[in-house]
Amino acid sequence: NAGVTQTPKFRVLKTGQSMTLLCAQDMNHEYMYWYRQDPGMGLRLIHYSVGEGTTAKGEVPDGYNVSRLKKQNFLLGLESAAPSQTSVYFCASSSASGVGNTEAFFGQGTRLTVV
Amino acid sequence: AQSVTQLGSHVSVSEGALVLLRCNYSSSVPPYLFWYVQYPNQGLQLLLKYTTGATLVKGINGFEAEFKKSETSFHLTKPSAHMSDAAEYFCAVSDRAGRRALTFGSGTRLQVQP
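My aim in this report is to walk through the structure given alongside it, one point at a time. (Residues numbered from 1 in each chain as written. Chains lettered and ligands numbered in written order. Predicted model: local features only at pLDDT ≥ 70, side-chain atom pairs only at ≥ 80, totals over all residues. Heavy atoms only, no water.)

Examining the pairing of strand 9 (residues 87-94) of chain A
All names here are of chain A.
Phase 1: Where burial is concerned, most of strand 9 is hidden: 8 out of the 8 residues are buried.
Phase 2: Pairing of strand 4 (residues 31-37) with strand 9, which is carried by 7 bridges, proceeds in the antiparallel orientation. Bridge pairing in strand 9 places Gln37 opposite Val88.
Phase 3: Two strands pair when backbone bridges link them, and strand 9 and strand 11 (residues 110-114) are joined in this way by 3 bridges, in the antiparallel orientation. Paired with Ser87 across the two strands is Leu112, which belongs to strand 11. (Buried < 20%, exposed > 50% of the residue type's maximum accessible area, 1.4 Å probe, protein only. Helix = DSSP H or I, 4+ residues; strand = E, 2+ residues; numbered from the N terminus. Pairing = 2+ DSSP bridges.)

Dropping the structure here:
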């Protein structure tokens, strides 16, 4: 019962470096999301995907790119990391069945520090 | 645009006392509302959700929430706090269609004193 798995769990980057965060889900969910969590601000949506091969911007997309080449995977990329991107990143997935009240399942998070 | 406001970033209660965490929402249509809990260094876990119908929603671990349309509120309660309830709690509202993403409140950290 893996659910949503994020890798890596921790990472320290230098300003200007690039990296990719991987999210994998084994629940055959259509929807996948990337959020960032900052103190006192809750979780904010970076990008999302409603199906394989489709992605869209959320509320805070600047500095990030995403790809969803396979239904089970959703990648978040930072091309040139900045200290403002120091945060905890969460991936989530949910089913497209029913109406919009389906539960979102979250990964354990990736703690990223940019120095 | 939908939004939620959580009143009180930190709440401290004694073990055995009532837990009350406040959430108010803003939505032009009947909302889908959720409470999630985050234990230290973990992801978020669903506590309960409101869709339509019964206004009192029961969740896991003895928590419940009451939807009050007239007050645009969805407060979370538990009659008797346990040490294991110490965590951060997030109220969220979901898009009704399209991307179905969650919009979160800023969170309330619950501390339980022995």
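So, the pattern of salt bridges
Opposite charge on two side chains allows them to pair when their charged atoms are near.
Phase 1: A complete count under the given rule lists 7 salt bridges over all chains for this structure.
Phase 2: With a shortest N-O distance of 2.8 Å, B:Glu64 and B:Lys58 are connected by a salt bridge.
Phase 3: With relative accessibility at 22%, the residue B:Glu64 sits in the partly exposed group.
Phase 4: Residue B:Lys58 is classed as exposed on the basis of its relative accessible area, which comes to 62%.
Phase 5: Look at the salt bridges and you will find they share partners, linking A:Arg36, A:Asp38 and A:Arg44 into a network. (Salt bridge = Lys/Arg side-chain N within 4 Å of Asp/Glu carboxyl O.)

Some words on the sheet that holds strand 8 (residues 73-78) of chain B
One key point about sheets: their strands pair by backbone hydrogen bonds, in either a parallel or an antiparallel sense.
Residues and elements named next belong to chain B.
Phase 1: The 5 strands lie next to each other as 1-3-8-7-6, forming an open sheet whose pairing is antiparallel. Strands with a single pairing partner mark the edges of an open sheet, and in this sheet they are strand 1 (3-7) and strand 6 (56-58). The sheet shows a mean angle of 20 degrees between the axes of neighbouring strands, direction not considered.
Phase 2: Bridge count for strand 7 (residues 64-68) against strand 8 is 5 bridges, and the pairing is antiparallel. Bridge pairing in strand 8 links Phe67 to Phe74. (Axes fitted to C-alpha atoms, helices over the stretch in contact; angles between N-to-C directions.)

Some remarks on the interface of chain A and chain B
Phase 1: The interface is formed by 28 residues belonging to chain A together with 24 residues belonging to chain B.
Phase 2: Between chain A and chain B, a total of about 1900 Å² is buried, with carbon and sulfur atoms accounting for 50% of that surface.
Phase 3: Applying the counting rule to chain A against chain B returns 1 salt bridge.
Phase 4: Put simply, A:Glu59 and B:Arg99 hold a salt bridge, and the shortest N to O gap is 2.8 Å. (Contact = heavy atoms within 4.5 Å. Buried area = accessible area lost by both parts, 1.4 Å probe.)

Structural notes on the environment of A:Arg11
All names here are of chain A.
Phase 1: Along the polypeptide, Arg11 turns up in strand 2 (residues 10-13).
Phase 2: Assessed through its relative accessible area of 35%, Arg11 is described here as partly exposed.
Phase 3: Each C-alpha atom, one on Arg11 and one on Asn101, is 33 Å from the other, the two residues being 90 residues apart in sequence.

Details of the layout of surface pockets
Phase 1: Counted as a void, the largest pocket has a volume near 580 Å³.
Phase 2: Taken together, 29 residues form the lining of the largest pocket, with A:Gln37, A:Val88, A:Arg111, B:Gln38 and B:Arg109 sitting closest to its centre.
Phase 3: Those elements that place two or more of their residues in the lining of the largest pocket are strand 9 and strand 11 of chain A together with strand 9 (87-94) of chain B.
Phase 4: Looking at the lining of the largest pocket element by element, the count peaks at 4 residues for strand 11 of chain A. (1 Å grid on protein atoms, 1.4 Å probe; cavity = no way out; pocket = protein on both sides within 12 Å on 5 of 7 lines; lining within 4 Å. Points joined across faces, edges and corners; volume = space filled by probe spheres on them.)

A few points about the packing of aromatic side chains
Phase 1: In total, this model carries 14 aromatic pairs over all chains according to the counting rule given.
Phase 2: Ring geometry for A:Tyr35 versus A:Phe106: centroids 6.0 Å apart, planes at 40 degrees, classification tilted. You can see A:Tyr35 sitting in strand 4 and its partner A:Phe106 sitting in strand 10 (residues 105-106), a full 71 residues away along the chain.
Phase 3: The buried category is assigned to A:Tyr35, whose relative accessible area is 1%.
Phase 4: Centre to centre, the rings of B:Tyr50 and B:Phe74 are 6.2 Å apart; their planes meet at 55 degrees, and the pair counts as tilted. Residue B:Tyr50 is located in strand 5 (residues 44-50), and its partner B:Phe74 is located in strand 8; the two are separated by 24 residues in the primary sequence.
Phase 5: Looking at B:Tyr50, the relative accessible area reads 8%, which means it is buried. (Phe/Tyr/Trp six-rings, centres within 6.5 Å; stacked < 30°, edge-to-face > 60°.)

Here's the deal with the nonpolar core
Phase 1: Membership of the largest hydrophobic core comes to 27 residues, with the highest contact counts inside it found for B:Leu33, B:Trp35, B:Leu47, B:Leu48, B:Phe74, B:Leu76 and B:Tyr89.
Phase 2: Not counting residues within four places of it along the chain, the set of residues in contact with B:Leu48 comprises B:Leu33, B:Phe34, B:Trp35, B:Val57, B:Lys58, B:Gly59, B:Phe63, B:Glu64, B:Ala65, B:Phe74 and B:Leu76.
Phase 3: Among the nonpolar cores identified, the runner-up in size contains 21 residues, and A:Tyr35, A:Tyr48, A:Ala92 and B:Leu46 belong to it. (Core = buried A, V, L, I, M, F, W, Y, C linked by side-chain atoms within 4.5 Å.)

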